[in-house]
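For reference, the chains in residue letters:
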Amino acid sequence: MTEMIYEGANLDKQDPVLRTEGLKKSFGGLTATNDVTIQVERGSITGMIGPNGAGKSTLFNLISGFYDLDAGRVWVNNEEVTDAEPHETARTGLIRTFQTPRRLEGMTVREAMLVGPGPQVGESIIPLFLRPGTVKKQERANIEEAERLLERFEIDHLIDQPSTDLSGGQLKLVELARAIMTEPDILLLDEPVAGVNPTLANDINRFIRELNEEGQTFLIIEHDMPFIMDLADPIIVLDQGRVLMEGTPEEVRNDQRVIDAYLGGAE
Ligand SMILES: Nc1ncnc2c1ncn2[C@@H]1O[C@H](COP(=O)(O)OP(=O)(O)O)[C@@H](O)[C@H]1O
Ligand SMILES: [Mg+2]
C-alpha cells in the first residue's frame, strides 16, 4: 500500500453525487463554516465527525438549503443548488434528516410517511390521503410503499400510532423510512443513533448497510465513534468550521491532528 498524506478533503472522486466548493457561514462574529470543499462519491457511506460545535450540522443546513451561504457553491448530481430552497434541493435528489427529528403533531406514523421527509419536500399528498374516496392510483402506490418501508425497518406495528407517542429511537427509524420514501440519490443523516439504545443502533447500522448495498449513497454525521468507524469509509473530519482531513477509519483514528482536535475541543 502506498502511504498518502491527506491535505483536507480528497477531491479525486470518480462520480461525486455531492460537491461543495468553499462554503462559508458566519453567525455574528463566529465562523461556523470556513472554506469547506468536499465531495461525496456515489455509492459510498461517507462519515462526518468532529468535536461539538465543529460546524457539522451547519454544513448540512447549508448544503440542503436551510441556511443561506455567505460564500461558496453546491452541486448535486452536477446540478448547481447553491441558492436553492430546501424543496428544490430535495428534487435534485438530496434529502437530509435532522439531529432532532420534528415530531409531527396530530399525525400517525402512516400519515407522517405520506407527507415526505420533514419540511423539505414541498408537496404533500396528505389531503388526498385523508379523503379515501379520492385516493388515486399514485396515492395507493405511496401508501403501499410506506407500508413496505415500515415493514422493512421493522416498525410496521407502529403504523397507526400518533407520532408523538414514539420513543426517540423509533422516531429516528421513522425519519429514515420517510427519507427513503422519496428515493433520494444521496441521504444526509445528522446523528442517526444519538439517544438511541444499543439494540436499535445495531438495527439502524444494519438498515443503512443494506440500503447501501442496494446502491444508496449516504453522508452521515455521527458522534458515536464505534458506530461511524464501523459503517463509513471515507470519513471527513471537521474542526472549527474547516475540513481537518479525510481518510479511512484507520487513518482518521491514527491521525495526530484528529486526536488533538478532540482533546483540545469541547469534549
Ligand atoms: N442558527 C445559528 N445561530 C447562531 N449560531 C449558530 C447557529 N447554528 C449553529 N451555530 C453555531 O455554529 C457553531 C457550529 O454549530 P453546529 O454546526 O451545530 O456544530 P456541530 O453540529 O458540529 O456540533 C456552533 O458554535 C453553534 O453555536
Ligand atoms: Mg450537530
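For the structure, see preceding data.
Structural notes, computed from the coordinates. (Residues numbered from 1 in each chain as written. Chains lettered and ligands numbered in written order. Predicted model: local features only at pLDDT ≥ 70, side-chain atom pairs only at ≥ 80, totals over all residues. Heavy atoms only, no water.)

Some thoughts on the overall build of the protein chain
Regarding its fold elements, the protein chain presents 10 helices and 11 strands. Among the 267 residues that make up the protein chain, the fraction classed as buried is 55%. Taking contacts inside the protein chain between residues at least 6 apart in sequence as the whole, the part at least 24 apart equals 68%. Accessible area for the protein chain stands at about 12,600 Å²; split by element, carbon and sulfur atoms hold 47% of it. (Helix = DSSP H or I, 4+ residues; strand = E, 2+ residues; numbered from the N terminus. Buried < 20%, exposed > 50% of the residue type's maximum accessible area, 1.4 Å probe, protein only. Contact = heavy atoms within 4.5 Å. Areas by Shrake-Rupley, 256 points an atom, 1.4 Å probe, with all protein chains shown as cover.)

A few points about empty space enclosed by the protein
Left-over empty space is what a probe sized like a water molecule reveals as it rolls over the atoms. Throughout the structure, instances matching the rule amount to 1 cavity of 30 Å³ or more. Put simply, the largest cavity is a space of about 100 Å³. Forming the walls of the largest cavity are Thr97, Phe98, Lys172, Glu175, Leu176, Leu189, Asp190, Glu191, Pro192, Ile204 and Ile208. Secondary structure elements with two or more residues in the lining of the largest cavity: helix H6 (168–181), strand E8 (186–190) and helix H7 (198–213). Tallying contributions element by element places H6 first for the lining of the largest cavity, with 3 residues. The class makeup of the residues in the lining of the largest cavity is 6 nonpolar, 1 polar and 4 charged. (1 Å grid on protein atoms, 1.4 Å probe; cavity = no way out; pocket = protein on both sides within 12 Å on 5 of 7 lines; lining within 4 Å. Points joined across faces, edges and corners; volume = space filled by probe spheres on them. Nonpolar A, V, L, I, M, F, W, Y, C, P; charged D, E, K, R; others polar.)

A look at the pattern of salt bridges
This model, assessed by the stated rule, comprises 13 salt bridges. One salt bridge in this structure joins Asp15 and Arg42, with 2.8 Å as the shortest N-O distance. With a gap of 27 residues between them, Asp15 in the segment before strand E1 (16–27) and Arg42 in the loop between strand E3 (39–41) and strand E4 (45–49) connect regions that are remote in the sequence. Connected through salt bridges with shared partners, the residues Arg110, Glu147 and Asp160 form a single ionic network. (Salt bridge = Lys/Arg side-chain N within 4 Å of Asp/Glu carboxyl O.)

A short note on the sheet that holds strand E9 (residues 217–221)
Taken in spatial order, the 6 strands of this open sheet run E7-E8-E9-E4-E10-E11, and their pairing is mixed. Two strands close off the open sheet at either side, each with one partner strand: strand E7 (94–96) and strand E11 (242–247). Each strand axis lies, on average, 20° off the axis of its neighbour in the sheet, ignoring direction. Both strand E10 (residues 235–239) and E11 contribute to a ladder of 5 bridges, which runs antiparallel. Bridging across to E11, Ile236 finds its partner in Glu246. The sheet contacts of helix H1 (residues 56–63) involve E4, E7, E8, E9 and E10, and relative to E8 the element is tilted by about 145°. Contacts from H7 reach E4, E8 and E9 within the one sheet, and its direction differs from that of E9 by about 150°. (Pairing = 2+ DSSP bridges. Axes fitted to C-alpha atoms, helices over the stretch in contact; angles between N-to-C directions.)

A few points about the side chain of Asn205
Examined against the element boundaries, Asn205 turns out to sit in helix H7. Not counting residues within four places of it along the chain, the set of residues in contact with Asn205 comprises Phe227, Asp230 and Leu231.

Quick word on the coordination of the magnesium ion (ligand 2)
Protein-derived ligands of the magnesium ion (ligand 2) are Ser57 (OG) and Gln99 (OE1), with the metal-ligand distances lying across 2.1 to 2.3 Å. Of the two residues, Ser57 sits in helix H1 while Gln99 sits in the loop between E7 and helix H3 (109–114), which places them 42 residues apart along the sequence. For Ser57, a relative accessible area of 23% corresponds to the partly exposed category. Take Gln99: its relative accessible area is 35%, and that puts it in the partly exposed class. (Donors = N, O, S within 2.8 Å, 3.2 Å for Na, K, Ca; no water.)

A look at the site of ligand 1
Lining the immediate environment of ligand 1, one finds Phe27, Leu30, Ala32, Pro51, Asn52, Gly53, Ala54, Gly55, Lys56, Ser57, Thr58 and Tyr67. In this structure, Gly55 approaches ligand 1 through a main-chain N or O atom, which is 2.9 Å from an oxygen atom. One of the backbone nitrogen or oxygen atoms of Ser57 is found 2.9 Å away from an oxygen atom of ligand 1. Listed by contribution, the elements that provide at least two residues to the shell around ligand 1 are strand E2 (30–36) and H1. Residues of the shell around ligand 1, tallied by class, amount to 6 nonpolar, 5 polar and 1 charged. (Near = heavy atom within 4 Å. Polar contact = N/O pair within 3.5 Å; in protein donor to acceptor, adjacent residues only side chain to side chain.)

Nothing here speaks to function; it is all geometry.
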